[in-house]
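The residues making up each chain are set out below.
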Amino acid sequence: MVFRGTISDVPDFDPSVDAETLYNAMKGIGSDKETILDLITSRSNAQRQEVITAYKCSFGQDLIEDLKYELTGKFERLIVSLMRTPPYHDAKEIHDAVKGAGTNERCLIEVLASRNNKQIQDMVAAYKDAYGRDIEEDVIADTSGHFKKMLVVLLQGTRDESGVVDADLVQQDAQDLYAAGEEKWGTDEATFIMILGNRSVTHLRMVFDEYEKISEMSIEDSIKNELSGDFERLMLAVVQCIRSVPMFFAKRLYKSMKGLGTADNTLIRIMISRSEIDMLDIRECFRLRYEKSLYNMIKDDTSGDYKRTLLNLCGGDDDLAGEFFPEAAQIAYKMWELSAMTKVQLRSTVRPAPDFDPAADAQALRKAMKGFGTDEDAIIDIVAQRSNAQRQEIRQAFKSLLGRDLMKDLKSELSKNLERLIIGLMLTPAEFDAKMMKKAMEGAGTDEHALIEILVTRQNEEIQAMNAAYREGYKKSLEDAIHSDTSGHFCRILVSLVQGAREDGPADVERACADAQELADACNAESDDMEMKFMSILCTRSFPHLRRVFQEFVKCTNKDIEQIIKKEMSGDVKNAFYAIVRSVKNQPSYFADRLYKAMKGLGTDDRALIRIMVSRSEVDLFNIRKEFKETHDVSLHEFIQGDTSGDYRKTLLILCGGED
């Protein structure tokens, strides 16, 4: 195996000299923490074991006990963990995960999904030696159901590592997985466990490709649809590790540091366990996925000697838009290929109500608003649980039966965010989009993010319907409004998108290669020329075609299109092109990110929250929810619950459609 770690054997190593250096650093009052961390992070794990032995021979003391006594907090945890051998470190992590009241399922998932056979067998032996207990029995006692069964399979450490692939078996496994999940009502979990828990990495990669051809859906999306809870998380982790162990750890590291607070145990565990294996690849995957180096993320998120130690393990700051290592370029290429092959099944959270009676709903709404006070609950239960087409029938019935304008009545009875949300739901999608575009441009400032989000993510026919609704509602063309409110290249991009004339259809491979080459050549041109060339391709080609273009771009340049946009462009132009790339790659993920930004930190961007929840509730809000949970490790339901209140919150949660 090629060494891709950041820590290796130090030359001219003398364990006795190191032992003395550490002894001197800890004797007397206080300790020389800098000497301790610099020495320990510049030795391999095997060398550290020799230092422990030399320390006991020279001073008759236990080095680990002395370090525990001298150091404190996270820094102590990190240094002491570095002194354990990998099998004993893994064994301790599993032991800590299952002992006491609760179980740390995420730790069990991470360790057991990512280790190879030898690492698992060594860990099992180390656990027995350290705790006098059987790791399998402890895991069984602390977990349940299919989650437990899969953990037990992984604990055997018997995955096929022969590297031999049988093409017929690949076909058979793909077919069996399809039959066990997407093809039937209910899921045959045993088939998923048997195949994903035993087949070789090479074999399973081919099975996943074959599965996509059969089901027109990635194995990940099938798992998200078919499984739930810890079992779903474990199976997704196994799939991610089959595809790319470094990318799996890059995602885990990002989740450990983003948001408020740091999951230090996860951060410590990964930085230690991968420092001598594949930290260089993890750094590359991190930069590829998050446009930020792992080094800088650690630097911003930690402090003191703890930070210095982690940065030594990280081993260096990657220039933001330098070229990929060959492995990372292949992963980037594969990510686009995966995005191109996957036909995501979009799922809404709001569906037409059965036994729908528009006249009864109209009467019920009138009753809820008549007399003194308003019955908000009755209004919410009707409006949020009908499809948009049904709401239009209610609007009509309200006028026909009662001679009143439902929209005016709702506006006079409701207030603030609840009113905005309910009115948004009652408008047709075209009216709602037109209103959102108008709101984004009225008053002193312009909400460029809203303009970008709407124009980038709508289909041609939706844009054309919005144009008609805008002219009808505001007696002005939307294009003229954009001209009045924006300028320069950004204005041109929006005008191009507002035509609603993006090409349809699949990728044309030959043309995609030519487009990719043109984009690559444009990267060396003046910034004006570069932006015009990007616009001529990114604003006009179909999404399937652009997926192929961005894939070929990696091949031409050894760089990712997202990083080029981030590095070479700025302001609204950068944001617009970036939104197009994100939407092409994974539109539900783009919306999940927009929702997260609308609610995180102080204050809530209610307009963005309402806009996305209303406009996506009958399109792909279920998929957005899944992406939100996957990326942010918290459910959208939970986030809305914590960030909003009252009837407004109640309505949003009905639209959200459930807790993940």
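This one's a predicted model, so the numbers in the text were calculated from it and none came from an experiment. Within every chain, residues take consecutive numbers counted from 1 along the sequence as written. Only residues with pLDDT of at least 70 are given local features in this predicted model, and only at 80 or more are side-chain atom pairs given and counted; all residues enter the totals for whole chains, interfaces and linings. To get the side-chain values, take all heavy atoms of the structure and skip hydrogens and water.

Enquirer: Break down the overall build of the chain for me, citing the residues and quoting the values.
Expert: For helices the rule is a DSSP run of H or I covering at least 4 residues; for strands it is a run of E covering at least 2, with both sets numbered from the N terminus onward. When helices and strands are tallied, the chain shows 40 helices and zero strands. Throughout, radius of gyration means the C-alpha value; the globule benchmark is 2.2 Å times the number of residues raised to the power 0.38. Taking 26 Å as the expected radius of gyration for a compact globule of 660 residues, we find that the chain reaches 28 Å, a close match to that expectation. Dimensions of the chain, computed from C-alpha atoms along their principal axes, come out at roughly 95 × 65 × 60 Å. Whether a residue is buried, partly exposed or exposed follows from its accessible area with a 1.4 Å probe, protein chains only, as a fraction of its type maximum: under 20%, in between, or over 50%, in that order. Evaluated residue by residue, the chain yields a buried proportion of 52% over its 660 residues. The criterion used for residue contact is that any of the two residues' heavy atoms lie within 4.5 Å. In the chain, the proportion of contacts linking residues at least 24 apart, taken out of those at least 6 apart, comes to 74%. Under this rule, positive means Lys or Arg and negative means Asp or Glu; His and the chain ends count for nothing. To locate a charge, take NZ of a lysine, CZ of an arginine, CG of an aspartate or CD of a glutamate. Charged side chains of the chain number 88 positive and 113 negative; the gap between the two group centres comes to 4 Å.

Enquirer: For the domain arrangement of the chain, give the residues involved together with the corresponding values.
Expert: A common way to report how large an interface is uses the accessible area buried once the components associate. A domain assignment, automatic or from a database, supplies the domain bounds used here. Under the domain assignment, the chain is made up of domain 1 (15-83), domain 2 (86-156), domain 3 (167-227 + 236-243), domain 4 (358-426), domain 5 (429-499) and domain 6 (587-656). The distance between the C-alpha centroids of domain 2 and domain 6 comes to 35 Å.

Enquirer: Would you mind going over the state of the cysteines in detail, with residue names and values included?
Expert: To count as a disulfide, a pair of cysteine sulfur atoms needs to be within 2.5 Å. If you walk through the whole model with that rule in mind, you get zero disulfides. No disulfide involves Cys285; its sulfur sits 12 Å from the nearest other cysteine sulfur, which is in Cys241. The exposure class of Cys285 is buried, given its relative accessible area of 1%. Lacking any disulfide linkage, Cys539 is separated from the closest cysteine sulfur, that of Cys491, by 12 Å. Using a relative accessible area of 4% as the deciding quantity, one classes Cys539 as buried.

Enquirer: Can you break down the side chain of Thr309 residue by residue, with the values?
Expert: Along the polypeptide, Thr309 turns up in helix 20 (residues 304-314). Contacts of Thr309, omitting those with residues within four sequence positions, involve Leu37, Thr41, Phe75, Leu78, Ile79 and Leu82.

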